[in-house]
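# Coordinates in review
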Amino acid sequence: MTQTEFLTRLRAHKGLRHAVVSEIEIDAQSRVCSFRIVTDSAYTEEDANAARALVREAVPASMHAAVSIHKLVADEQLIKNKILAYLSRNHRAASACIAAEDIDVVLGDPVRFSFGVDEAERGFFEKNEELLPGVERMLAANFCNAFEGSLVEKDKGGIEEDDEREEEEIFDFRPARTFAVENFEAIDEENVPKEAIYISDATFRSDKMTLCGAIRYIQERTSQKGKPYLRFTIADASGVLSFSYFPRKKTEEKIRALQPGDSIVCTGENEMFNDRLSFTARFINRGNAPEGFVPEKRKGKSLPLRYAAVVPEKLEDFNQLSLFGNSELPPDLVNNTFVVFDLETTGLVNSPTGGNMDAITEIGAVKIEHGEIREKFTTLVDPERKLTEEIVKLTGITDDMLVGAPKIGQVIPDFLKFCDGCILVGHNVQFDYKFVRYYAEQEEYEFDYKTFDTLSIAQGMLFLPNYKLNTLADYYHFSFQHHRAWDDAYVTAKIFIELIKAKKCLPKS
């Protein structure tokens with residue numbers, strides 16, 4: 001019997017005409033399959049008997065069938081509670097910005113709910129296209145109603161934002177990667193998930209998490225209360241994890257027969273203990289990853305909702321009026337948004353293959369919108385190392401200037417947010433691009449942007465003795481402080497605009 005057929009027959013009874021099956025639970029040991037049915041109408045004993053008969057028909061003959069029917073009328077508070085619980089479990093970033101007072105519920109047919117969001121939060125929700133539909137499906141599975149969700153402007157309620165509010169936590173809401181468990185053989189419990197989370201992705205709380213890996217070590221220990229337990233260390237293709245397990249008497253012999261090299265599948269809780277996540281296995285069974293399993297690459301983190309360490313500033317440059325004159329700007333320049341950037345670093349090694357990576361000491365960038373320089377992003381960066389005399393002489397940046405500057409891990413999310421949706425431009429752009437990509441990947445962000453290089457564009461258009469940045473600046477009569485990231489980025493942006501004005505279009509990729 002299909003799910004659609006089951007619901008059609010169930011809803012043929014007056015008291016169950018809007019009923020939903022909110023939960024099906026299987027107890028393998030007792031061989032009981034329990035259905036939890038929710039209805040919004042008063043139901044009769046005849047309705048209940050019909051539901052029991054239908055469930056009995058749907059459940060295999062080898063199992064007992066149990067039915068519980070609950071009359072539940074959706075009200076505003078119940079719906080809000082369900083939404084908040086769902087976001088907390090499944091969308092931690094959304095949960096961080098949506099409180100009960102941000103949810104509005106209008107009862108009707110359908111029930112309409114909305115999230116009050118600010119501009120940054122709206123962009124986050126709109127990029128995560130499955131978030132609102134997921135909430136709608138969850139509510140429809142728990143209440144006897146249809147639901148429609150939407151976004152509205154957050155009501156500030158006259159409360160001014162604190163400009164000095166504490167830095168917000170950047171939530172990593174990427175779904176955990178999983179793989180199918182093969183060759184499952186029950187030891188503790190048959191009724192556990194047959195899909196395991198990558199060990200490296202087990203970075204969130206869960207009251208039912210399944211992991212699978214090969215045993216590296218097994219140690220016997222005793223708890224403070226004198227209770228013996230085992231300490232396993234397992235590894236999958238993505239990472240290594242150690243966890244505790246308290247054996248059951250009926251399966252202890254089989255568990256103790258496990259040896260290093262055996263592959264096991266473990267289901268338990270991943271909870272906070274002494275301020276860190278700790279996994280405790282409740283059930284251990286045999287099972288392994290698919291043969292020849294190669295981990296899929298994890299998607300990069302989503303960008304933060306708001307700037308934290310570095311906030312861009314609006315830039316008003318009245319010299320742009322004379323710079324552009326009355327000439328019409330090329331469509332390519334007007335219809336695209338560009339971030340022109342430059343870095344100062346501790347050296348020239350921008351790839352781990354070249355030796356010990358050098359560090360970024362300054363990021364400077366400007367944003368070109370509609371052909372005009374509109375925004376700037378600039379910050380010193382703590383390289384967490386001493387600067388050489390050569391670098392100090394070249395850039396003018398000293399160790400003292402970097403005291404208290406944010407570290408690269410704090411700056412990268414903000415810089416990537418500034419670049420989001422833009423084309424990147426630089427002078428010898430790939431040199432700086434590789435630095436940013438390396439440090440972005442260290443923080444698990446993707447960094448993949450189309451780029452244009454003012455060096456190569458100028459080489460194809462101008463006849464100059466060389467194509468250094470200061471030579472191009474002199475050619476266009478721009479003055480600047482060379483070897484400081486902000487000044488270099490700003491003059492590069494001006495040069496880029498002039499080059500594209502003369503060329504009439506962007507270079508072909």
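Our structure's up above, just so we're on the same page.
Residues numbered from 1 in each chain as written. Predicted model: local features only at pLDDT ≥ 70, side-chain atom pairs only at ≥ 80, totals over all residues. Heavy atoms only, no water.

Let's shift gears to the overall build of the protein. Within the protein one finds 15 helices and 20 strands. Viewed in the frame of its principal axes, the protein has a C-alpha envelope of about 90 × 60 × 45 Å. Put simply, the protein has 509 residues, and 44% of those count as buried. Intrachain contacts of the protein at a sequence separation of at least 6 include 65% that bridge at least 24 residues. Here the protein displays about 27900 Å² of accessible surface, and carbon together with sulfur accounts for 47% of that area. (Helix = DSSP H or I, 4+ residues; strand = E, 2+ residues; numbered from the N terminus. Buried < 20%, exposed > 50% of the residue type's maximum accessible area, 1.4 Å probe, protein only. Contact = heavy atoms within 4.5 Å. Areas by Shrake-Rupley, 256 points an atom, 1.4 Å probe, with all protein chains shown as cover.)

When two helices pack together, their arrangement is captured by the angle between the axes and the distance separating the axes. Closest axis-to-axis distance for the helix H11 (residues 408-419)/helix H12 (residues 429-442) pair is 10 Å, and the angle between their directions is 110°. On the basis of their axis angle, the class for H11 and H12 is roughly perpendicular. Between H11 and H12, the contacting residues are Ile408, Ile412, Phe415 and Leu416 on the first element and Val436, Tyr439 and Ala440 on the second. (Axes fitted to C-alpha atoms, helices over the stretch in contact; angles between N-to-C directions. Parallel < 35°, antiparallel > 145°, perpendicular 65-115°, else oblique.)

This brings us to the packing of aromatic side chains. In the structure shown here, the tally under the stated rule is 22 aromatic pairs. Measuring from centroid to centroid gives 5.5 Å for Phe243 and Phe279, while their planes differ by 80°, and the two rings are edge-to-face. Of this pair, Phe243 sits in strand S12 (residues 240-245) while Phe279 sits in strand S14 (residues 276-288), and the two are 36 residues apart along the sequence. By relative accessible area, which is 2% here, Phe279 ends up buried. With a centroid separation of 4.9 Å and 85° between ring planes, the pair formed by Tyr475 and Tyr476 is classed as edge-to-face. Assessed through its relative accessible area of 41%, Tyr475 is described here as partly exposed. Among the residues examined, Tyr476 registers a relative accessible area of 16% and is labelled buried. (Phe/Tyr/Trp six-rings, centres within 6.5 Å; stacked < 30°, edge-to-face > 60°.)

What follows concerns the nonpolar core. By size, the foremost hydrophobic cluster in this structure holds 31 residues, and its most contacted members are Phe338, Val366, Ile368, Ile373, Leu462, Ile495 and Phe496. Of all the secondary structure elements, the ones that give two or more residues to this core are strand S16 (338-345), strand S17 (360-369), strand S19 (423-426), helix H13 (454-459), helix H14 (469-475) and helix H15 (485-503). In terms of residues, this core owes the most to one element, H15, which gives 9 residues. Setting aside chain neighbours within four positions, we find Ile495 in contact with Leu469, Leu472, Ala473, Tyr476 and Phe478. Listed in part, the 29 residues of the second largest apolar core include Ile408, Phe418, Phe435 and Phe447. (Core = buried A, V, L, I, M, F, W, Y, C linked by side-chain atoms within 4.5 Å.)

Below, the discussion takes up the sheet that holds strand S6 (residues 147-153). Taken in spatial order, the 3 strands of this open sheet run S4-S5-S6, and their pairing is mixed. Only two strands of the sheet have a single partner each, and these edge strands are strand S4 (103-106) and S6. In this sheet, adjacent strand axes meet at a mean angle of 25° when their direction is disregarded. In the sheet, S4 pairs with strand S5 (residues 111-117) via 4 bridges, with the strands oriented antiparallel. Paired with Val106 across the bridge in S5 is Arg112. Along the sheet, helix H3 (residues 76-90) makes contact with S4, S5 and S6, crossing S4 at roughly 135°. Sitting on the sheet, helix H6 (residues 131-142) is in contact with S5 and S6, with an inclination near 140° to S6. (Pairing = 2+ DSSP bridges.)

This part covers H3. Along its 15 residues, H3 runs 21 Å from first to last C-alpha, staying within 8% of the 21 Å computed at 1.5 Å per residue. Looking at H3, one finds that the buried residues are Ile79, Lys80, Ile83, Tyr86 and Leu87. Buried positions in H3, seen along its axis, are confined to an arc of 130° and lie on one side of it. (Expected span 1.5 Å × (residues − 1). Arc of directions from axis to C-beta.)

For the rest of this paragraph, the subject is unusual backbone geometry. A cis amide bond links Asp109 with the next residue in sequence, Pro110, at an omega value of 5°. At Asn428, a residue that is not glycine, the phi angle is positive and equals roughly 60°. As for its placement among the helices and strands, Asn428 is situated in the loop between S19 and H12. Residues other than glycine seldom take positive phi values, yet Glu444 does so here, at roughly 70°. In this fold, Glu444 is placed in the loop between H12 and strand S20 (451-453).

Each strand in a sheet pairs with another by means of backbone hydrogen bonds, the pair being arranged parallel or else antiparallel. Sheet architecture is open: 3 strands sit in the order S1-S2-S3, paired in mixed fashion. Taken across any chain shown, the strands that pair with only one partner, and hence form the sheet edges, are strand S1 (20-27) and strand S3 (64-71). Across the sheet, the mean angle from the axis of one strand to that of its neighbour is 15°, orientation sign disregarded. Examined bridge by bridge, strand S2 (residues 32-39) and S3 share 8 bridges and lie parallel to one another. In the strand pairing of S3, Arg36 is matched with Ser68. Along the sheet, helix H2 (residues 45-58) contacts S2 and S3; its crossing angle with S3, the most-contacted strand, is approximately 140°.

The next point concerns the environment of Glu57. Secondary-structure assignment places Glu57 in helix H2. Those residues within four positions of Glu57 in sequence are excluded, and the remaining contacts are Met1 and Arg9.

Following the criterion strictly, the structure yields 20 salt bridges and no others. In this structure, Glu5 engages Arg9 in a salt bridge whose closest nitrogen and oxygen atoms are separated by 3.9 Å. Of this pair, Glu5 and Arg9 both sit in helix H1 (residues 3-10), separated by 4 residues, roughly a single helical turn. Taking relative accessible area as the criterion, Arg9 reaches 33% and is therefore assigned partly exposed. The residue Glu269 makes a salt bridge to Arg282 at a minimum N-O spacing of 2.6 Å. Here Glu269, found in strand S13 (residues 263-273), pairs with Arg282, found in strand S14; they are 13 residues apart in sequence, far enough to count as distant. Arg282 gets classed as partly exposed once you look at its relative accessible area, which sits at 38%. (Salt bridge = Lys/Arg side-chain N within 4 Å of Asp/Glu carboxyl O.)

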